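Here are the chains, one letter per residue:
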Amino acid sequence: VDIDALDTQVKDRKIQEAAEKARNEELANEMKQNDKIMCMLEERQKNDIRNINKAIGEFQKNFQKPETRREFDLSDPQGLKKDRPARLSDNDPRCTVSGLQKFMGEDLNYDQRMKFQKEQLREWSLQQQRDWKNALADQKFADDLYEKSRIELDQKTMEQQRKEEESRRAVCAATKDFNRTQAAELAERKKLEKYQKMKDDMEEISSLLQGNLLSENPEQAVSSFGRHRVITDRWKGMNQDQLMAIRYSQQQQVLEKLRLKEEERRRDAEWDRQSIQAARAQLVLERHQQRQNRERRQVLDNINAELSQEQKSKNIYLKEEAYSNFPTGQYYAQFNTTSR
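Residues numbered from 1 in each chain as written. Predicted model: local features only at pLDDT ≥ 70, side-chain atom pairs only at ≥ 80, totals over all residues. Heavy atoms only, no water.

The name that an unreviewed UniProt entry assigns to the chain is RIB43A-like with coiled-coils protein 2, with the source organism given as Eudyptula minor. Entered under Subcellular location (unreviewed entry) in the UniProt record, the comment concerning the chain runs "Cytoplasm, Cytoskeleton, Flagellum axoneme". Here is the UniProt Sequence similarities (unreviewed entry) comment for the chain, exactly as written: "Belongs to the RIB43A family." (UniProt positions renumbered as here; feature names shortened; annotations may be inferred.)

Quick notes on the overall build of the chain
The helix and strand tally for the chain stands at six helices and two strands. Counting from the amino terminus, helix and strand elements in the chain follow one another as α-α-α-α-β-β-α-α. A fraction of 10% describes how many contacts in the chain between residues 6 or more apart in sequence connect residues 24 or more apart. Per element, the accessible surface of the chain, about 32,600 Å² overall, is 55% carbon and sulfur. (Helix = DSSP H or I, 4+ residues; strand = E, 2+ residues; numbered from the N terminus. Contact = heavy atoms within 4.5 Å. Areas by Shrake-Rupley, 256 points an atom, 1.4 Å probe, with all protein chains shown as cover.)

Topic: the layout of surface pockets
Put simply, the second largest pocket is a space of about 160 Å³. Around the second largest pocket, the lining residues are D73, L74, D76, G79, K82, D83 and R84. (1 Å grid on protein atoms, 1.4 Å probe; cavity = no way out; pocket = protein on both sides within 12 Å on 5 of 7 lines; lining within 4 Å. Points joined across faces, edges and corners; volume = space filled by probe spheres on them.)

Examining a nonpolar patch on the surface
Residues M198, M202 and I205 make up a contiguous nonpolar surface patch of about 330 Å² in total accessible area. Considering the arrangement of structural elements, one finds I205 in helix 3 (residues 110–210). (Patch = residues over 30% accessible without salt bridge, like charges linked within 9 Å, V, L, I, M, F, W, Y side chains within 5 Å. Salt bridge = Lys/Arg side-chain N within 4 Å of Asp/Glu carboxyl O.)

Looking at the packing of aromatic side chains
The tally for this structure, following the rule as stated, stands at one aromatic pair. Here F59 and F63 contribute two aromatic rings whose centre-to-centre distance is 5.1 Å and whose plane-to-plane angle is 35°, an arrangement assigned as tilted. Here F59 pairs with F63, and both are found in helix 1 (residues 3–63), just four residues apart, close to one helical turn. Classification of F59 as partly exposed rests on a relative accessible area of 43%. (Phe/Tyr/Trp six-rings, centres within 6.5 Å; stacked < 30°, edge-to-face > 60°. Buried < 20%, exposed > 50% of the residue type's maximum accessible area, 1.4 Å probe, protein only.)

Notes on the pattern of salt bridges
Inspection of the entire model under this criterion finds 17 salt bridges. Residues R162 and E159 are paired through a salt bridge, measuring 2.2 Å at the closest nitrogen-oxygen approach. Of this pair, R162 and E159 both sit in helix 3, three residues apart, which is roughly one turn of that helix. Look at R162 and you get partly exposed, because its relative accessible area is 40%. E263 is paired through a salt bridge with R259; the nearest N and O atoms lie 2.6 Å apart. Here E263 pairs with R259, and both are found in helix 5 (residues 240–322), just four residues apart, close to one helical turn.

Following this line, the structure appears as structure tokens:
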């Protein structure tokens, strides 16, 4: 143990305690001085408050007498003698909205106003009676006038209906004569049309019997746009040469379709063969890739096993050798560098 270093530490501790004690005594003296100053200030404040209250009382006694206060009327002993009525007139400025002294229909001239209103109602009632009598007289006059005008209108309507009936009879008679004439003309015209139609039909039948349509002449179906085109309403059908040519063309089309089907079958077979070859190549490539992955995984497992064995060996060394040597006093003494 370093005794000199310990003595030095003890001396330093005593010096520190003496300095702290002196600082505490200085702070205590300063606090006492501050307490004295605070007591003096509080005493001065009390004196100032006492003087201010005294001055306020003197001022209120001299300049704020009770009779000069705004609320003196609430405690004035002479208040009943000085009091005035709540409302002197309808226009009294004291009758404000918050005073609740004046309401609708409670004015001072209520009696005069009610008398005037009754007189006014009586005048209005008389005026309404006069207006009602005048309205009844006007309504009666209007009804009489309407009755006269209605009778005159009915008479005019009956006269108009009589004239229309006579005109209708005359029109019916004229229409009957005109229809009779038209019927006779129509019968004559139909007779002539029937004769003309019969004549036209006979001529058409004779023309058809003697024409090329019923005689089945193939030349009459040839179109003016070329002999390879025909008029459909005159064409009577194909001959044997044309039918043989069409059958030959159909056979050629059937052979061409068979050839195209055979080419399509060969193309599909080739496409299937190429697809099978591509699938086989893909399968071989996947198997090769799996084999490479297995080899890489085996190499990685070997490396991990070697690293695990190396880590285990390192842990055994640290546990058995590195952590088994405990420090001695000489080991700690080398760090004690305190100066004496």
